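Spelled out, the chains give:
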Amino acid sequence: MNYAGRMNSFIFKGKNVFDAIAAYRKMNGITHLEFNYPEHIEGYDLEEIKKAMGPLKVNGFAVRWRNDWKNGDLTNPDPVLRKKAIDMVKDACDICRSLGGSVITLWLENDGFDYSFQMDYVTGWNQIVEAMREICDYAPDMKISIEYKPFEERNFALMDSSGMTLLMVNAIDRPNIGVTFDFCHMLMKRDNPSYGLALAASQGKLFGLHMNDGYSQQDSGLIFGSIHHAQSLEFVYYLRKYNYDGVVFFDTFPIREAAEPETQANIDSFEKYLAIVDDLGVDKIDEIVAKRDGISAQKLIMSMIR
């Protein structure tokens, strides 16, 4: 499996991008890098980044609209800011490609609403469709991936669930549009993570993963598999079932923990879940799932406790 860690796990502790890259190069299991754009790229020399990467590869960029876009990213009512938001994604595509990356992740953090009567929902929806089509057509060689989150920064996000995001993907109707699922975001929505995963993967639209865990009330960013054992196992089973070969990005928040061992704990946890699923085998698990029987499912879960 391919793994990437979160740059900000190091940067928020006083390090810089080069420090994070150096740490990931020493880590057992990290194969790829993920950058936020523009914050992890602006002010850095791209050739120096390439040199620092060594054998690591770039998976992609996550575009971050800040400050000026509090009233909307791709739905901003100011046409100048909306165009600038779209142009930022195009720039991210070009720079990401130059570093060897292929995935642009778009969390539309400000595209939502806080009050009734604050937004015309159909207008907002159509603005996202139009913007995404423009971006997809600009960079047909790049995977453009929507990451949903039900709330935060807005009280209600327009892209708030697996179903709504897949509906948007269908509306955009481009071969290079897909989804990135964040495990914690799915828990916040009370989505069953594996349900959305199975639908997206079976349609060839699963472009990325942000793995973590939490208690569902907030975006906790805890170590993968630390809370939801059964749901984590089921998630990994569906990744194997649909032959996911992309990057597993650990979007976790080591606030009190040191960044290096916390990232390694994520990798070790994910590898453990993979080993359990692989030991039983997808075909064997398929047989139990096909029964649609709760007792059989519980016996399976108990057999997976190692």
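Notes on the structure follow. (Residues numbered from 1 in each chain as written. Predicted model: local features only at pLDDT ≥ 70, side-chain atom pairs only at ≥ 80, totals over all residues. Heavy atoms only, no water.)

What about the overall build of the protein chain?
Next up, step 1: Along the protein chain, the regular secondary structure elements total twelve helices and ten strands.
Next up, step 2: Expected size for 306 residues packed as a compact globule is a radius of gyration near 19 Å; at 19 Å, the protein chain falls within 12% of this value.
Next up, step 3: Projected onto its principal axes, the C-alpha positions of the protein chain cover 55 × 45 × 35 Å.
Next up, step 4: Relative to its 306 residues, the protein chain shows a buried fraction of 54%.
Next up, step 5: Across the protein chain, contacts joining residues at least 24 apart in sequence account for 77% of those joining residues at least 6 apart.
Next up, step 6: Of the roughly 14,000 Å² of accessible surface on the protein chain, a fraction of 51% belongs to carbon and sulfur atoms.
Next up, step 7: Placing the 33 positive and 44 negative side-chain charges of the protein chain at their respective mean positions leaves the two points 3 Å apart. (Helix = DSSP H or I, 4+ residues; strand = E, 2+ residues; numbered from the N terminus. Rg over C-alpha atoms; globule rule 2.2 N^0.38 Å. Buried < 20%, exposed > 50% of the residue type's maximum accessible area, 1.4 Å probe, protein only. Contact = heavy atoms within 4.5 Å. Areas by Shrake-Rupley, 256 points an atom, 1.4 Å probe, with all protein chains shown as cover. Lys, Arg positive; Asp, Glu negative; His and termini not counted. Charge placed at Lys NZ, Arg CZ, Asp CG, Glu CD.)

Let's talk about unusual backbone geometry
Next up, step 1: Following Tyr-37, the chain continues to Pro-38 via a peptide bond in cis, the omega torsion being 10 degrees.
Next up, step 2: Examined against the element boundaries, Pro-38 turns out to sit in the loop between strand E2 (30–37) and helix H3 (46–53).
Next up, step 3: Of the consecutive residues Glu-152 and Glu-153, the connecting peptide bond is found in the cis state with omega at 15 degrees.
Next up, step 4: Tracing the chain through its elements places Glu-153 in the loop between strand E6 (143–147) and strand E7 (156–157).
Next up, step 5: In this model, Asn-67 sits at a positive phi of 55 degrees, which is unusual for a non-glycine residue.

Some remarks on the pairing of strand E3 (residues 57–63)
Next up, step 1: Counting buried residues along E3, six of its seven residues qualify, which places the element largely inside the surrounding structure.
Next up, step 2: Judged from the six bridges that link them, E2 and E3 form a sheet pairing that is parallel. Of the residues in E3, the one forming a bridge with Glu-34 is Gly-60.
Next up, step 3: Crossover handedness for the path E2 to H3 to E3: right-handed.
Next up, step 4: Relative to strand E4 (residues 103–107), E3 runs parallel, the two sharing four bridges. Bridged to Ala-62 within E4 is Thr-105.
Next up, step 5: Considered for its hand, the β-α-β crossover made up of E3, helix H4 (residues 79–98) and E4 is right-handed. (Pairing = 2+ DSSP bridges. Right-handed = clockwise from strand over helix to strand, strands pointing away.)

Quick word on H3
Next up, step 1: Two to three positions downstream of the cap, the backbone nitrogen of Glu-47 sits 2.9 Å from a side-chain oxygen, assigning the N-cap of H3 to Asp-45.
Next up, step 2: Of the residues flanking the end of H3, it is Gly-54, one or two places downstream, whose phi is positive at about 60 degrees. (Polar contact = N/O pair within 3.5 Å; in protein donor to acceptor, adjacent residues only side chain to side chain.)

Details of the packing of helix H9 (residues 229–241) against helix H10 (residues 259–280)
Next up, step 1: Where H9 contacts H10, the two axes come as close as 9 Å, and the packing angle between them is 70 degrees. Judged by the inter-axis angle, H9 sits roughly perpendicular to H10. Pair H9 / H10 crosses with right-handed handedness. Contacts between H9 and H10 involve His-229, Ser-232, Leu-233, Val-236, Tyr-237, Leu-239 and Arg-240 on the former and, on the latter, Phe-270, Tyr-273, Leu-274, Ile-276, Val-277 and Asp-278.
Next up, step 2: Of the residues assigned to the contact of H9 with H10, the class counts are nine nonpolar, two polar and two charged. (Axes fitted to C-alpha atoms, helices over the stretch in contact; angles between N-to-C directions. Parallel < 35°, antiparallel > 145°, perpendicular 65-115°, else oblique. Left-handed = near helix turned anticlockwise from the far one by under 90°. Nonpolar A, V, L, I, M, F, W, Y, C, P; charged D, E, K, R; others polar.)

Digging into the environment of Phe-156
Next up, step 1: Examined against the element boundaries, Phe-156 turns out to sit in strand E7.
Next up, step 2: The sequence separation of Phe-156 and Asn-28 amounts to 128 residues, and the corresponding C-alpha distance is 39 Å.
Next up, step 3: Beyond its immediate chain neighbours, meaning those up to four positions away, Phe-156 contacts Gly-112, Phe-113 and Pro-150.

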